[in-house]
Amino acid sequence: MQFKYLNLVRERNPLVHCMTNIVVANFSANGLLALGASPFMSTSPQEVAEIQTFGQALLINIGTLNKSDVDAMLIAGKAANQQGIPVVLDPVGAGATAYRRQVTSQLLSEIQFTAIRGNAAEIAFLANVDWQGKGVDAGQGEANLGEIARTAAQKYQCIVAVSGEIDYLSDGKNVIQIANGTPLFPKITGSGCLLGAVIAAFLGVVDKQDNLNAVVEACTVYALAGEIAAQNLSTQVGSFATAFLNQLAEISCENLTALLKLNKENNNA
Ligand SMILES: Nc1ncnc2c1ncn2[C@@H]1O[C@H](COP(=O)(O)OP(=O)(O)O)[C@@H](O)[C@H]1O
Ligand SMILES: Cc1ncsc1CCOP(=O)(O)O
Ligand SMILES: [Mg+2]
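The name an unreviewed UniProt entry gives the protein is Hydroxyethylthiazole kinase, with Alitibacter langaaensis DSM 22999 as the organism. Reading the Catalytic activity (unreviewed entry) entry of the UniProt record for the protein gives the comment "5-(2-hydroxyethyl)-4-methylthiazole + ATP = 4-methyl-5-(2-phosphooxyethyl)-thiazole + ADP + H(+)". In UniProt, the protein has this text filed under Sequence similarities (unreviewed entry): "Belongs to the Thz kinase family."

**Remarks on the site of ligand 1**
In the vicinity of ligand 1, 15 residues are found, and the nearest of them are Asn119, Ser163, Asp167, Thr182 and Phe185. For ligand 1, an oxygen atom lies 3.1 Å from a polar atom in the side chain of arginine 117. Contact distances for ligand 1 include 3.2 Å between a nitrogen atom and a backbone N or O atom of threonine 182. Out of a free accessible area of 550 Å², ligand 1 has 85% covered by protein chains. Judged by the proximity of its atoms to the pocket grid, ligand 1 belongs to the largest pocket. Among the elements of the structure, strand S5 (115–119) and helix H8 (191–203) are those that each provide at least two residues to the shell around ligand 1.

**Digging into the pairing of strand S9 (residues 167–170)**
Across the two faces of S9 the burial is the same, with Asp167 and Leu169 and Tyr168 and Ser170 all buried. As judged from the three bridges shared by strand S8 (residues 159–163) and S9, these two strands associate in the antiparallel manner. Residue pairing in the sheet places alanine 161 in a bridge with leucine 169 of S9. The hairpin formed by S8 and S9 contains three residues between the paired strands.

Basis of the calculations
- Residues numbered from 1 in each chain as written.
- Chains lettered and ligands numbered in written order.
- Predicted model: local features only at pLDDT ≥ 70, side-chain atom pairs only at ≥ 80, totals over all residues.
- Heavy atoms only, no water.
- UniProt positions renumbered as here; feature names shortened; annotations may be inferred.
- Near = heavy atom within 4 Å.
- Polar contact = N/O pair within 3.5 Å; in protein donor to acceptor, adjacent residues only side chain to side chain.
- Areas by Shrake-Rupley, 256 points an atom, 1.4 Å probe, with all protein chains shown as cover.
- 1 Å grid on protein atoms, 1.4 Å probe; cavity = no way out; pocket = protein on both sides within 12 Å on 5 of 7 lines; lining within 4 Å.
- Sits in = over half its atoms within 2 Å of the grid points.
- Helix = DSSP H or I, 4+ residues; strand = E, 2+ residues; numbered from the N terminus.
- Buried < 20%, exposed > 50% of the residue type's maximum accessible area, 1.4 Å probe, protein only.
- Pairing = 2+ DSSP bridges.

Pasting the structure below:
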């Protein structure tokens, strides 16, 4: 695999408008800054359409919802669609409550997303596949995650990334697996949410036809940064969060190839 978009993110410093949850806002902004992007956090209905006239990508994350935020997400998503700006959905806890189910369905019917990033439970819900989620966590299930990614990508006509021990990415046709990462990731809150923001940053520097490659590179760089950061840390989750932010800033395309566990498993659906 050739890494080409990471340097582009650092050169272009894309402005990523994050409509994200209150738990992860600070971590997400720090992660984007470390990577080389420019975070702008806002959920004000009065200004979110205007932001799409100068931003390079929009992230909509439903982690902590309220009516004003949902109104703003709909305004921002439609404005981004009009401006041709990539929009990423993180459907946090999508199937967990009736309100989240209703909001997710409304967002998906009124906004065309460029990519959706969620854990197994969240994307299984979108694909209408049985899975036992636990609040915002992935929970338990038996279904084939590559197929879930592919089904959701076909259904919503976008790139879908199912993150976890192995990430499964699909454009509705190809399914790509990334087996890098570290078990320390699920021990810090916001590691999935920041991944959605990082995907948005990568999408903000590429042409449409490169969207799948950009999402693959975003997830790969992210998982490898975590893997490198976790070396020698054992169970020190607090240190991991700091070391991971450092790695997002320090990781370079040159030292990635040897560690890579990437598998383009199935291109024939
Ligand atoms: N057990 C694991 N081993 C290695 N990497 C993991 C593991 N669980 C999650 N990851 C990585 O953590 C990051 C966040 O994904 P995830 O934990 O699935 O998100 P969420 O917080 O939304 O549930 C991804 O880069 C994913 O590859
Ligand atoms: C704990 C929590 N509760 C509502 S949103 C949120 C953050 C979830 O972040 P992530 O999915 O990245 O761990
Ligand atoms: Mg999540």
